[in-house]
Amino acid sequence: MTTVDQRHRTTPPAPRRRSRREEILEIAVGLFAARGYHGVSMDDIGSAAGVTGPALYHHFAGKEAMLVAALIPVSESLLEGGRERVARHTADAEAALADLIDFHVEFALANPAVIALHLHELDRLPEEPRRQIRRLQRLYVEEWVGVLTLLRPELEPAEARVLAHAAFGLMNSTPFLGGEVEKRRSADLLREATLHALTGR
């Protein structure tokens, strides 16, 4: 029996190793969030990543390209994830809202530097990528609006939109949180506050 069990035991796949480009981007995002976009040079990023100038430019044309690479995929991922969670609960708006809140709180706690970057540096992007990000964000907000108007039929879409933006303000506060509260407890508090803001209960 032991031999059979071992033969049929499946080994979980090893986590994908991050590319050097992803590692450099993460370092750049952290520096931008901490010092501001103009407070960081390509030399600073290269030094922190242990990469020489020519090697750094092999991955990114410059700081602007890093900013685009950091913000557009995040906006795409939020929209995709939001749509997936709404689709799971087509007959239950309350469950859909809870799933959306869980999804965004988890994102916000895992990515405070990206949120800080978005809050402070989005306007530094060229017009086209900035418009693309804004469009993705609007579509993501509308996923929340659709759920809220189902859950609370008394709300006009514009009113639900106000509540959705207020909820994002709560959940996206993670760049300003210190380490005094354990992460799991912070997640519980953010979920509770967001749900109350959106439903009044």
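Residues numbered from 1 in each chain as written. Predicted model: local features only at pLDDT ≥ 70, side-chain atom pairs only at ≥ 80, totals over all residues. Heavy atoms only, no water.

Considerations on the overall build of the protein chain
Phase 1: Across its full length, the protein chain carries 10 helices and 0 strands.
Phase 2: For the protein chain, the N- to C-terminal ordering of α and β elements is α-α-α-α-α-α-α-α-α-α.
Phase 3: When the backbone C-alpha atoms are referred to their principal axes, the protein chain occupies close to 65 × 60 × 35 Å.
Phase 4: Considering the protein chain as a whole, with its 201 residues, one finds that 38% of them fall into the buried category. (Helix = DSSP H or I, 4+ residues; strand = E, 2+ residues; numbered from the N terminus. Buried < 20%, exposed > 50% of the residue type's maximum accessible area, 1.4 Å probe, protein only.)

Some points on the UniProt feature "domain: HTH tetR-type" (unreviewed entry) in the protein chain
Phase 1: Per the UniProt record, "domain: HTH tetR-type" (unreviewed entry) is found at residues 18-78.
Phase 2: For residues 18-78, the helix share is 77%, the strand share is 0%, and the end-to-end C-alpha distance is 20 Å. (UniProt positions renumbered as here; feature names shortened; annotations may be inferred.)

Considerations on the domain arrangement of the protein chain
Phase 1: Per the domain assignment, the segments making up the protein chain are domain 1 (18-60) and domain 2 (63-199).
Phase 2: The gap between the C-alpha centroids of domain 1 and domain 2 is 26 Å.
Phase 3: Taken together, the contact pairs 17 residues of domain 1 with 13 residues of domain 2.
Phase 4: Overall, the association of domain 1 and domain 2 removes approximately 1200 Å² of surface from exposure, summing both partners, and the carbon and sulfur fraction of that is 78%. (Domains from an automatic or database assignment. Contact = heavy atoms within 4.5 Å. Buried area = accessible area lost by both parts, 1.4 Å probe.)

Quick notes on the side chain of His104
Phase 1: Topologically, His104 is positioned in helix 6 (residues 93-110).
Phase 2: Accessibility expressed as a relative area gives 2% for His104, which makes it buried.
Phase 3: Within polar-contact distance, the side chain of His104 engages the side chain of Asn172 at 2.8 Å.
Phase 4: With residues near it in sequence (within four places) discarded, His104 still touches Leu78, Tyr140, Trp144, Phe168, Met171 and Asn172. (Polar contact = N/O pair within 3.5 Å; in protein donor to acceptor, adjacent residues only side chain to side chain.)

Details of the packing of aromatic side chains
Any pair of aromatic rings gets described here by the distance separating the centres and the angle formed by the planes.
Phase 1: Counting across every chain of the model gives 4 aromatic pairs.
Phase 2: Aromatic pair Phe32 and Tyr37: ring centres 5.3 Å apart, planes at 50°, arrangement tilted.
Phase 3: On the accessibility criterion, Tyr37 (10% relative accessible area) is buried.
Phase 4: A ring pair is formed by Tyr140 and Trp144, whose centres lie 6.2 Å apart and whose planes are at 85°; its orientation type is edge-to-face. Here Tyr140 pairs with Trp144, and both are found in helix 8 (residues 127-151), just 4 residues apart, close to one helical turn.
Phase 5: The residue whose ring lies beneath Lys63 is Tyr37, and the NZ or CZ to ring-centre distance is 4.3 Å. (Phe/Tyr/Trp six-rings, centres within 6.5 Å; stacked < 30°, edge-to-face > 60°. Lys NZ or Arg CZ within 6 Å of the ring centre and 35° of its normal.)

Quick notes on the UniProt feature "DNA-binding region" (unreviewed entry) in the protein chain
Phase 1: Here, the residues flagged by UniProt with the feature "DNA-binding region" (unreviewed entry) are residues 41-60.
Phase 2: Taken end to end, residues 41-60 is 75% helix and 0% strand, and its two terminal C-alpha atoms sit 13 Å from one another.

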